[in-house]
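Structure assessment
Below are the chains, spelled out letter by letter.
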Amino acid sequence: MARSELPLHSVSALAGLIESKELSPVEVVEAYLQRIDDLDFKFNSFITVLHQQALEEAGRAEQEILAGNYRGPMHGIPVGVKDQIWTKGIRTTGGARITADFVPDDDATVVARLKDAGAILLGKTNLSEFAITGFTHRFSTPRNPWDLSISAGGSSGGSGAATAAFLCATSLGEDTGGSIRRPAAWCGVVGLRPGWGRVSRYGLMRGVWSMDTIGPISRTVEDAAITLSAIAGHDPKDPTTWNTPVPDYRQALDSDIRGKRVGIVTELLHADVVEPDVADAVTAAAGVLAELGAEVEEVSIPLAAHANAIAGTLLAVEPAQNMKEWVRERLHDFGHDNRIGLLTGSLVPAQAYLKAQKLRTLLRNDVLAAFGAYDALVMPTSGRQAVPLTEDPPVTGKETASRLPFMRTNTFNLASSPAISVPCGFGGRGLPVGLQIAGPPGGEQMVFRLAHAYEQNTPWHTMRPPTADI
């Protein structure tokens, strides 16, 4: 097998070859590093690349495996980690000038768990500033492998682009209002937001405490399941994590979904902000689930139509509170987009925040009631295909203050539920469309099961972006 072909393999395929000693982690890491050197100038997906460290870690992994100490399917697998997540001794910029030189003294728990599983850290992936905007990038702007003039999505755009362009085998992103799922949808890969509390957030640069969640961006559902299994679980350093056993998510990938009840959320499919191409692709995807034996029907959750407005208040207020000293003393070190957003969040009255939290509770109750009748809910991940990078005007007034009305993700971060985006076709502009599948809190297994069944019966996960060839 040519070295240049190694990055094209899935995590599960690489893991099998590494476990059987047909392939060395050193060979795999060398292939990925070479690919990054050759191609990432087009995508800007990494902020920091750890050439020497990655090769040293790969050498240790190789020796462990040769000695019979194989740790599992992540052993020797090269990963990218969003630069919002602490890495001991390695700068963690948060995508911001204010923290451009910050070097943590500790690993985030998810990074420590990746290392315990034997994964190899290739580098830190690009993101929008502090992951609290989808637009402002203080380093370079990640570009979409399907079209370099198109956004890779925010805020985990670097992880989305790197995974789609085969510059890492799998990656970690962070999702507050859709920042894993939107880059996954726009870059044509798989992205899972786990349920709030399933994955430790110790060592995560905080954005919105009540919704921030770390999860995988991968090229297949199985790879996402493998990645989540490595990082999930209770952490004494994060009191919000669940003290419950972590299932073997890979074992949940049973393609038999006969009799599973699936609801298509009416308010998230039929709306003016959903492009016809997107609605058609998602409707067709729901049809595939029905053909596989699922019981599919539409369900109405009226408050879901207002999820963006509810979440928008939280997304404004909490970062402004977290960064209040910087807002007061270093406002002009933020990008224009965040300056406006943080100032606005600083002025939102307490009663508005309280009302948003009340509405969040009502919406969550409605979503949980729907999960009493359905095993999963489906809808578009984004109402639009990826937008051109030129569609990033400064915030100058009412029209440019709300530029993401097409997001279909906020319902489930408000409900603290797991949700996955899986490729479900292409729109008329030749750009990927994402199908979002959500489950109740703790329902990652069902989400994986339905997503895997759909993926294995459609061709979309086998498609390669045109710009990813050397």
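This text follows the structure it describes.
Here we summarise the structure given alongside this text. (Residues numbered from 1 in each chain as written. Predicted model: local features only at pLDDT ≥ 70, side-chain atom pairs only at ≥ 80, totals over all residues. Heavy atoms only, no water.)

Next up on the list: the pattern of salt bridges. Side chains that differ in sign of charge can pair as their charged atoms come close. This structure, assessed with the given rule, holds 17 salt bridges. Of the charged contacts, one joins Asp-175 and Arg-193 as a salt bridge, the two residues approaching to 3.3 Å between their closest N and O atoms. Here the residue Asp-175 occupies a position in strand β6 (residues 170-175), and Arg-193 occupies one in strand β7 (residues 190-193), the gap between them amounting to 18 residues. For the pair Asp-175 and Arg-193, one class covers both residues: buried. Each of the salt bridges in this network shares a partner with another, and the network as a whole consists of Asp-175, Arg-181 and Arg-193. (Salt bridge = Lys/Arg side-chain N within 4 Å of Asp/Glu carboxyl O. Helix = DSSP H or I, 4+ residues; strand = E, 2+ residues; numbered from the N terminus. Buried < 20%, exposed > 50% of the residue type's maximum accessible area, 1.4 Å probe, protein only.)

Turning our attention to unusual backbone geometry. Geometrically, the link from Gly-154 to Ser-155 is a cis peptide bond, its omega value of -5° lying close to zero. Its place among the elements puts Ser-155 in the loop between β5 (147-151) and α5 (157-164). You will see that Ala-131, though not glycine, has its phi angle at about 60°, which is positive. Looking at where Ala-131 falls in the secondary structure, it is placed in the loop between β3 (120-125) and β4 (143-144).

Next up on the list: the packing of aromatic side chains. Under the counting rule described, the total for this entry stands at eight aromatic pairs. Consider the rings of Trp-86 and Phe-102, whose centres lie 6.1 Å apart with planes at 65°: the pair is edge-to-face. Here Phe-102 lies in the loop between β2 (78-82) and α4 (109-116) and Trp-86 lies in the loop between β2 and α4, a separation of 16 residues in the sequence. On the basis of relative accessibility, which here comes to 24%, the residue Trp-86 falls in the partly exposed class. With centroids separated by 5.5 Å and ring planes inclined at 20°, the aromatic side chains of Phe-130 and Trp-326 adopt a geometry described as stacked. Of this pair, Phe-130 sits in the loop between β3 and β4 while Trp-326 sits in helix α11 (residues 324-329), and the two are 196 residues apart along the sequence. For Phe-130, a relative accessible area of 5% puts it in the buried group. (Phe/Tyr/Trp six-rings, centres within 6.5 Å; stacked < 30°, edge-to-face > 60°.)

Any functional reading would require information beyond the geometric quantities listed.
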